[in-house]
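# Observations on the three-dimensional arrangement
One letter stands for each residue in the lines below.
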Amino acid sequence: MSKTAKFALTTIWILFSRSYDAYCTHQLTPDLSKEANPLVSVLGLGWAPLLLVIGALTLFTIYIYYLAVFKPKPLLPSEPGYSFGNVFVYLYLGRKDNWFALFYKLPNSFGRFNQYMGHVLTRCLVFAGVVSTTMWLLINHTASYKTMHSAPLIYAILVSGIAIIVYQWSRQQYQLYLAQQ
């Protein structure tokens, strides 16, 4: 598949799944009283600010995905001898560091942040769209799912899936790094 087709299909899926999620949420809870999104349940955002934040993050994700696809910049280290853990950290930070630094340090440039997130955040948003669309289809069209549905279940699926996505993408990048050596 061409880069343009992949970009277009991914963008369409992201926009569709985010829109479908918002539509179904509005159908179920117009006042957001049953919404589990922390922007609502913790910060207390209403519809307008919620849609503004989600819309801005979605558009930012599409923009950085565009950069990653059509204006890629290298993220891998050029020095030999890096372990998988070193490459895992280097992909994000742009330097060698302890893996725990991923939780409190930022990349060495905003361009690197955009490139990394263009690859990773896009995959995560596609996955979140699959989870939310599946969830809404089950809620709207089955009786049995409603009894097992819960926010902790959905968040567990999302967190687990995102961890797997980040690990697999990093593993692929490590294989590219090894092939370049």
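Structure first, text after, so check above.
Here goes a summary of the coordinates provided. (Residues numbered from 1 in each chain as written. Predicted model: local features only at pLDDT ≥ 70, side-chain atom pairs only at ≥ 80, totals over all residues. Heavy atoms only, no water.)

## Let's talk about the nonpolar core
Selection rule: Only buried residues count toward a nonpolar core. Its members are Ala, Val, Leu, Ile, Met, Phe, Trp, Tyr and Cys residues joined through side-chain atoms within 4.5 Å. The cut-offs for exposure are 20% and 50% of the maximum accessible area for each residue type, with area from a 1.4 Å probe on protein chains only; residues under the lower value are buried, those over the upper are exposed, and the others partly exposed. Starting at the N terminus, helices and strands are each numbered in turn, a helix being any DSSP run of H or I of at least four residues and a strand any DSSP run of E of at least two. We call two residues contacting when some pair of their heavy atoms lies within 4.5 Å.
With 21 residues, the main nonpolar core has Val87, Leu91, Tyr116, Val120, Trp169 and Tyr177 as its most contacted residues. Those elements that place two or more of their residues in this core are α4 (84-93), α5 (110-141) and α7 (151-180). Considering every element that reaches this core, the biggest residue donor is α4, with seven residues. Not counting residues up to four positions away in its chain, the partners in contact with Tyr177 are Leu76, Pro77, Glu79, Pro80, Gly81, Tyr82 and Val87. Formed by ten residues, the second largest nonpolar core is a distinct cluster that contains Cys24, Val131, Ile154 and Leu158.

## Observations concerning a nonpolar patch on the surface
To be explicit about the condition: Candidate patch residues must exceed 30% relative accessible area and have no salt bridge, after which like charges are joined if within 9 Å and Val, Leu, Ile, Met, Phe, Trp or Tyr side chains if within 5 Å. Using a 1.4 Å probe, the Shrake-Rupley method yields the accessible areas, and only the shown protein chains count as cover for residues. Salt bridge, as applied in this entry: a Lys or Arg side-chain nitrogen positioned within 4 Å of an Asp or Glu carboxyl oxygen.
A contiguous nonpolar patch, built from Trp99, Phe100, Phe103 and Tyr104 and spanning about 560 Å² of accessible area, is present on the exposed surface. As for its position among the elements, Phe100 is in the loop between α4 and α5. On the basis of relative accessibility, which here comes to 47%, the residue Phe100 falls in the partly exposed class.

## Some details on the packing of helix α1 (residues 3-28) against α5
How we decide: Every axis in this analysis is a line fitted to C-alpha atoms, fitted for helices over the stretch in contact. Angles between the N-to-C directions lie between 0 and 180 degrees. Angles below 35 degrees are treated as roughly parallel, those above 145 as roughly antiparallel, those between 65 and 115 as roughly perpendicular, and all remaining angles as oblique. A clockwise turn of the near helix away from the far one marks a right-handed crossing, whereas an anticlockwise turn of less than a right angle marks a left-handed crossing. All residues other than Ala, Val, Leu, Ile, Met, Phe, Trp, Tyr, Cys, Pro, Asp, Glu, Lys and Arg, Gly among them, are scored as polar; the first ten of these are nonpolar and the last four charged.
Contact geometry for α1 and α5: axes closest at 9 Å, N-to-C directions at 40°. By the angle class used here, α1 and α5 are oblique. Crossing of α1 over α5 shows left-handed handedness. Contacts between α1 and α5 involve Thr10, Trp13, Ile14, Ser17, Arg18, Tyr20, Asp21, Cys24, Thr25 and Leu28 on the former and, on the latter, Thr122, Leu125, Val126, Ala128, Gly129, Val130, Ser132, Thr133, Met135, Trp136, Leu137 and Asn140. Along the lines of polarity and charge, the residues of the contact of α1 with α5 split into twelve nonpolar, eight polar and two charged.

Everything listed here is a matter of geometry and, on its own, says nothing about what the molecule does.
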